[in-house]
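Architecture and fold: a report
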Amino acid sequence: AQIAEKLSKQLNFINDKITDNYLRHLEKWSDILNKMESRAAKLAKEDFAASEINLKIAAARGAILKANEQILIQKAKIYSVEIEDEESVGKVFSKARQELRDDLSSLKKDVMEPIKEILRDIHKSFKALTERTSEDKPKVTEEQEEQNE
């Protein structure tokens with residue numbers, strides 16, 4: 001019984017540690033989105049078409065909210081190891097460990113990675129927008145700079 005309790009605690013500790021890490025990532029990503037949002041607002045003031053970026057930011061915020069819920073559900077999940085006899089300890093623990101691994105893996109693949117991709121996409125959109133618009137702006141020559149001084 002002590003072994004089962006110890007193994008269960010170990011699995012639950014791992015679950016807590018990883019889900020806490022995922023929650024920290026979501027916080028960082030929310031901060032990044034705040035910065036992107038203010039950058040998009042600045043671009044909009046400069047007459048850049050940032051509406052596409054704003055839609056992507058809104059989608060990312062929605063994904064982060066859903067991810068937060070799913071991570072909290074995973075965090076609340078309790079993994080217990082029920083040992084019937086000493087011979088089955090390894091098999092039962094392996095099964096519980098694999099269940100934890102599968103749960104965390106699907107959380108990463110289905111929840112965290114898509115958000116990461118959305119953030120990358122927003123970043124690329126900013127880059128494309130600023131590159132496109134900087135090419136459209138007339139270049140200031142040295143002569144013009146001297147005249148402005």
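What counts and how
Note on numbering: residues in each chain are counted from 1, in written sequence order. Owing to the predicted nature of the model, reporting of local features is limited to residues with pLDDT of at least 70; listing and counting of side-chain atom pairs is limited to 80 or more, with chain, interface and lining totals taken over all residues. Here the side-chain values reflect all heavy atoms present in the structure, with hydrogen atoms and water set aside. pLDDT measures the predictor's confidence residue by residue and takes values from 0 up to 100. Helical segments are the DSSP runs of H or I of at least four residues, strand segments are the runs of E of at least two, and each set is numbered from the N terminus. We call two residues contacting when some pair of their heavy atoms lies within 4.5 Å. Residues enter a nonpolar core if they are buried and are Ala, Val, Leu, Ile, Met, Phe, Trp, Tyr or Cys, with the set joined through side-chain atoms within 4.5 Å. The cut-offs for exposure are 20% and 50% of the maximum accessible area for each residue type, with area from a 1.4 Å probe on protein chains only; residues under the lower value are buried, those over the upper are exposed, and the others partly exposed. Criterion for a salt bridge: a side-chain nitrogen of Lys or Arg within 4 Å of a carboxyl oxygen of Asp or Glu. Only residues whose relative accessible area exceeds 30% and that form no salt bridge enter a patch; like-charged residues are grouped when within 9 Å of one another, and nonpolar side chains (Val, Leu, Ile, Met, Phe, Trp, Tyr) when within 5 Å. The accessible surface values rely on the Shrake-Rupley method and a 1.4 Å probe; as for residues, cover is taken only from the protein chains in view. Only four residue types enter the charge count, namely Lys and Arg as positive and Asp and Glu as negative; His and the chain termini do not. Charge placement uses NZ in Lys and CZ in Arg. For Asp and Glu, CG and CD serve respectively. The criterion for an aromatic pair is that two Phe, Tyr or Trp rings (for Trp, the six-membered ring) have centres within 6.5 Å, with stacked assigned to planes under 30 degrees apart, edge-to-face to planes over 60 apart and tilted to the rest. Two conditions define a charge sitting above a ring: the NZ of Lys or the CZ of Arg must be within 6 Å of the ring centre, and it must be within 35 degrees of the ring normal. All axes are obtained by fitting lines to C-alpha atoms, using only the stretch in contact for helices, and the reported angles, taken between N-to-C directions, cover 0 to 180 degrees. Note on terminology: angles under 35 degrees are roughly parallel, angles over 145 are roughly antiparallel, angles of 65 to 115 are roughly perpendicular, and the others are oblique. Two helices that cross are described as forming a left-handed crossing if the nearer one is turned anticlockwise from the farther one by less than a right angle, and a right-handed crossing if clockwise. Each residue is assigned to one class: nonpolar for Ala, Val, Leu, Ile, Met, Phe, Trp, Tyr, Cys and Pro, charged for Asp, Glu, Lys and Arg, and polar for all the others, Gly among them.

Overview of the confidence of the model for the protein chain
In the predicted model, the protein chain carries a mean pLDDT of 86, and the fraction of residues at 70 or more is 87%. Between the elements of the protein chain, mean pLDDT differs from a low of 48, seen in helix H4 (residues 142-148), to a high of 94, seen in helix H2 (residues 51-76). This stretch, residues 137-145, has a pLDDT under 50; its non-local contacts, to residues over four places away or in other chains, come to three contacts.

Notes on the side chain of Asp103
With respect to the element layout, Asp103 can be found in helix H3 (residues 89-136). Aside from chain neighbours lying at most four places away, what touches Asp103 is Gln74, Lys77 and Tyr79.

Examining the nonpolar core
Leu26, Leu33 and Ile122 are the most contacted members of the largest nonpolar core, which totals 24 residues. Beyond its immediate chain neighbours, meaning those up to four positions away, Leu26 contacts Ile64, Ala67, Asn68, Ile71, Met112 and Ile115. Leu11, Tyr79, Leu100 and Leu104 belong to the second-largest nonpolar core, a separate cluster that totals nine residues.

Remarks on the pattern of salt bridges
Going through the model one piece at a time under the given rule, you end up with eight salt bridges. With a closest N to O distance of 2.6 Å, Asp103 and Lys77 form a salt bridge. Placement of Asp103 in helix H3 and of Lys77 in the loop between H2 and H3 is noted, with a sequence separation of 26 residues between them. Residue class for Lys77 comes out partly exposed when judged on its relative accessible area of 30%. Through salt bridges with shared partners, a single ionic network connects Asp16, Asp20 and Lys75.

Considering the environment of Ser80
Within the fold, Ser80 resides in the loop between H2 and H3. On a C-alpha basis, the gap between Ser80 and Leu11 in space is 8.0 Å, while along the polypeptide they are 69 residues apart.

Some remarks on a negative patch on the surface
Side chains of Glu82, Glu84, Asp85, Glu86 and Glu87 sit close together on the surface and give a patch of like negative charge. For Glu82, the position within the fold is in the loop between H2 and H3. Take Glu82: its relative accessible area is 57%, and that puts it in the exposed class.

Quick word on the packing of aromatic side chains
Applying the stated criterion across every chain yields a total of zero aromatic pairs. Note that Arg39 overlies the ring of Phe126, its terminal NZ or CZ placed 4.4 Å from the centroid.

Thoughts on the packing of helix H1 (residues 2-45) against H2
As a packed pair, H1 and H2 sit with axes 10 Å apart at the nearest point and diverge in direction by 165°. As summarised for this structure, H1 and H2 are arranged roughly antiparallel, according to the angle between their axes. Relative to H2, the crossing made by H1 is left-handed. The residue inventory of the contact of H1 with H2, partitioned by class, reads 14 nonpolar, seven polar and five charged.

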